[in-house]
Amino acid sequence: MKNKMFIFIILSMILGIACGIAFPKHMLTFQWIGTLFINLLKLIVLPLIFSALVSAITSMGGMNRLGSIGVYTIGYVLLSVSLAVIIGLVLLNVLQPGVGIPANFILANSSPADIRPVEFSSFLLTLFPPNIIAAAAKFEIMPVVFFSIVFSIACVNVGETAKPVIAFFNGMRDIFVKMIVWLMYLTPIGLFSLLGSAIAEAALQNRLMESVKGMMLFIIIFITGLFLQMLWQLAIVKFVLRRNAKEFVIASSDALLTAFATSSSMATLPVTLIVAKKEKVNDDVARFVLPLATTINLAGTAMYEAVSALFFCQILGMHLSLLSQVGVFMTAILAGMGATGIPEGGLVTMIMVLRVVNVPTSAIALLLPFDRILDRFRTMVNVWGDLVCATTVDHFTSKKQTPIVKNTLDNVRVLPVNNQA
Ligand code: ASP
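All of the points below concern the structure found in this document. Quick caveat: nothing in here was measured; it's all calculated off a predicted structure.

### Section: the overall build of the chain
And step 1. Each helix and strand counted, the chain has 19 helices and 0 strands in total.
And step 2. Per-residue burial for the chain yields a buried fraction of 54% across its 421 residues.
And step 3. Across the chain, contacts joining residues at least 24 apart in sequence account for 87% of those joining residues at least 6 apart.
And step 4. With the model as given, the accessible surface of the chain reaches about 18600 Å², and the carbon-plus-sulfur share is 69%.

### Points about the packing of aromatic side chains
And step 1. Under the definition given, this model contains 14 aromatic pairs.
And step 2. With 5.7 Å between their ring centres and 0 degrees between their planes, Y72 and F396 make a pair best called stacked. With Y72 in helix α4 (residues 63-95) and F396 in helix α19 (residues 368-398), this residue pair connects regions lying 324 residues apart in the sequence.
And step 3. Taking the relative accessible area as the measure of exposure, Y72 reaches 38% and is therefore partly exposed.
And step 4. Exposure remark for F396: the relative accessible area of 32% places this residue in the partly exposed category.

### Focus: helix α16 (residues 299-315)
And step 1. With 17 residues, α16 extends 24 Å from end C-alpha to end C-alpha; this agrees with the ideal 24 Å at 1.5 Å per step.
And step 2. When you tally the buried positions in α16, you get 17 out of 17 residues, the bulk of the element.
And step 3. Among the residues trailing α16, G317 stands out with phi positive, at a value near 70 degrees.

### With respect to the site of the ligand
And step 1. Near the ligand lie 16 residues; those nearest to it are S265, T301, G346, D375 and R378.
And step 2. Measuring from an oxygen atom of the ligand, one finds a side-chain N or O atom of R378 at 2.5 Å.
And step 3. Contact with the protein chains hides 100% of the accessible area of the ligand, taken as 270 Å² for the molecule alone.
And step 4. At 4 residues, the largest contribution of residues to the shell around the ligand is made by α19.
And step 5. Along the lines of polarity and charge, the residues of the shell around the ligand split into 3 nonpolar, 10 polar and 3 charged.

### Side note on the nonpolar core
And step 1. Counting 120 residues, the largest nonpolar core has F288, V289 and F311 as its most contacted members.
And step 2. In terms of residues, this core owes the most to one element, α16, which gives 12 residues.
And step 3. Leaving out residues up to four positions away in the same chain, F311 has contacts with L92, P97, G98, I101, M215, F218 and L366.

### A closer look at unusual backbone geometry
Comment: phi is negative for the bulk of residues other than glycine, and the bulk of peptide bonds are trans.
And step 1. Phi at R242 takes a positive value of approximately 50 degrees, unusual for a residue other than glycine.
And step 2. Mapping R242 onto the fold places it in the loop between α12 (216-240) and α13 (245-262).
And step 3. In the Ramachandran plot, E344 falls in the positive-phi region, its phi being about 60 degrees despite a non-glycine side chain.
And step 4. With respect to the secondary-structure elements, E344 resides in the loop between α17 (322-338) and α18 (345-356).
And step 5. Exposure remark for E344: the relative accessible area of 25% places this residue in the partly exposed category.

### So, the pattern of salt bridges
And step 1. In this structure the tally under the stated criterion is 7 salt bridges.
And step 2. Of the charged contacts in the structure, one is a salt bridge between D174 and R173, with a shortest N-O distance of 2.6 Å.
And step 3. Here R378 ties to D371 by a salt bridge, and the two come within 3.1 Å at their closest N and O atoms.
And step 4. Judged by relative accessible area, R378 falls into the buried class, the value being 1%.
And step 5. What makes D371 buried here is its relative accessible area of 0%.
And step 6. When salt bridges with common partners are traced through the structure, they connect D371, D375 and R378 into a single cluster.

### Things to note about the packing of α16 against α17
And step 1. Where α16 meets α17, the axes come as close as 8 Å, and the angle between the chain directions of the two elements is 145 degrees. In the crossing of α16 with α17, the sense of the turn from one axis to the other is right-handed. In contact with A302, E305, A306 and L310 of α16, α17 contributes Q325, V328, A332, A335 and G336.
And step 2. When its residues are assigned to classes, the contact of α16 with α17 shows 6 nonpolar, 2 polar and 1 charged.

### A short note on the packing of α4 against helix α15 (residues 283-296)
Axes are the key here: two packed helices are described by the angle between their axes and the distance separating the axes.
And step 1. Interhelical geometry of α4 versus α15 gives an angle of 35 degrees and a closest axis separation of 11 Å. As for the relative orientation of α4 and α15, their crossing is right-handed in sense. Touching R65, L66, I69, G70, T73, I74, V77 and V81 of α4 are D284, V285, F288, V289, L292 and I296, all from α15.
And step 2. In terms of residue class, the contact of α4 with α15 is made up of 10 nonpolar, 2 polar and 2 charged.

### Looking at a nonpolar patch on the surface
And step 1. Residues L79, L83, I86, V90, V94 and L95 make up a contiguous nonpolar surface patch of about 500 Å² in total accessible area.
And step 2. Within the secondary structure, L83 sits in helix α4.
And step 3. The partly exposed category is assigned to L83, whose relative accessible area is 31%.

### A word on the environment of C389
And step 1. As for its position among the elements, C389 is in helix α19.
And step 2. For C389, a relative accessible area of 0% gives the class buried.
And step 3. It is 9.8 Å that separates the C-alpha atoms of C389 and V237, two residues lying 152 residues apart in sequence.

Calculation rules
- Residues numbered from 1 in each chain as written.
- Predicted model: local features only at pLDDT ≥ 70, side-chain atom pairs only at ≥ 80, totals over all residues.
- Heavy atoms only, no water.
- Helix = DSSP H or I, 4+ residues; strand = E, 2+ residues; numbered from the N terminus.
- Buried < 20%, exposed > 50% of the residue type's maximum accessible area, 1.4 Å probe, protein only.
- Contact = heavy atoms within 4.5 Å.
- Areas by Shrake-Rupley, 256 points an atom, 1.4 Å probe, with all protein chains shown as cover.
- Phe/Tyr/Trp six-rings, centres within 6.5 Å; stacked < 30°, edge-to-face > 60°.
- Expected span 1.5 Å × (residues − 1).
- Near = heavy atom within 4 Å.
- Polar contact = N/O pair within 3.5 Å; in protein donor to acceptor, adjacent residues only side chain to side chain.
- Nonpolar A, V, L, I, M, F, W, Y, C, P; charged D, E, K, R; others polar.
- Core = buried A, V, L, I, M, F, W, Y, C linked by side-chain atoms within 4.5 Å.
- Salt bridge = Lys/Arg side-chain N within 4 Å of Asp/Glu carboxyl O.
- Axes fitted to C-alpha atoms, helices over the stretch in contact; angles between N-to-C directions.
- Left-handed = near helix turned anticlockwise from the far one by under 90°.
- Patch = residues over 30% accessible without salt bridge, like charges linked within 9 Å, V, L, I, M, F, W, Y side chains within 5 Å.

Function cannot be inferred from these measures alone, as they are strictly geometric.
Written out as structure tokens, the structure is:
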């Protein structure tokens, strides 16, 4: 049956939520399964990013194609992150959810948040660490992406003697794709455990509803903003890429659900790559654009940072001039692009944005109780943006191309999620 796996995933998520509410204590005993699922995804991510980028860049047949794919990708990312921040800022300015909330709401909720500030210069230095293996071991993705791109360009330039190295990484890439295909069969059980235990934790602590009081309008506005962000990208799919929007959403659903359940766009990357294959994105484009976009295209996160900063200012009764809002706009873009696609990764770079408007970083404590829920939604939007980005870049760069190499992924039986067996 078509979409059998998709139905399994939906059923398992519903079952997880129901069990989390009905038997929270028992559900928590299955938490390790979700952790194991995320560990397996993360285990594959780094070698996959490296081998996918090397095989993509070296198969592009020259720097011209790499250059145009790179320019389109960066262009799309800037557009998407900027629009996300603009949507958030407009909604906050018009609806003013923080006005009327007493300032002591921030102070009362403030406890020293366990988040260290990030200086811009030290952030830049982390892009180029002295030891790439040590950076990879700490799951720092950005340096690995940069290193892979430079390594691949060097391979192309070296020519003949680099060919065995390229063949090696092509083989590695196929092996990792195979492992992902196997891993995808575990998706329903992984998502069952992840969602179920998250709901069980919230139910047991009985904290969520308490903290949501007074924040409801902010939460609704933020989720509306995310929805608008998804909508304009869906319009691109329909009117610019001239694809069937409904089919595109359905095909993307495995990645979106995985993003929702794992709260990590980086851990979702293996699934995103498989979905791109279903969306018929050329493999060299998908393998180059998706790791890069997953690293820098965190539009949902950028929106969150901007709306939170404005929300805090409204609570504290601080009037922000247009110039200050431009400051928020610029830093939120940088913060979104610099954040890591891991659970709550955006909270770290939020400090950059708060500094611009002189809001104490302890204000973040106000968001912590329900951040894990909002994180799921913004991760979904981040992953959605990556998929539309890859499809758009493919649309504009692959039309005139004849395939340069026979795609080795064709040999792999992907689409486990449709279970066409
Ligand atoms: N969890 C988000 C992601 O992985 C990052 C964040 O907004 O905290 O994309």
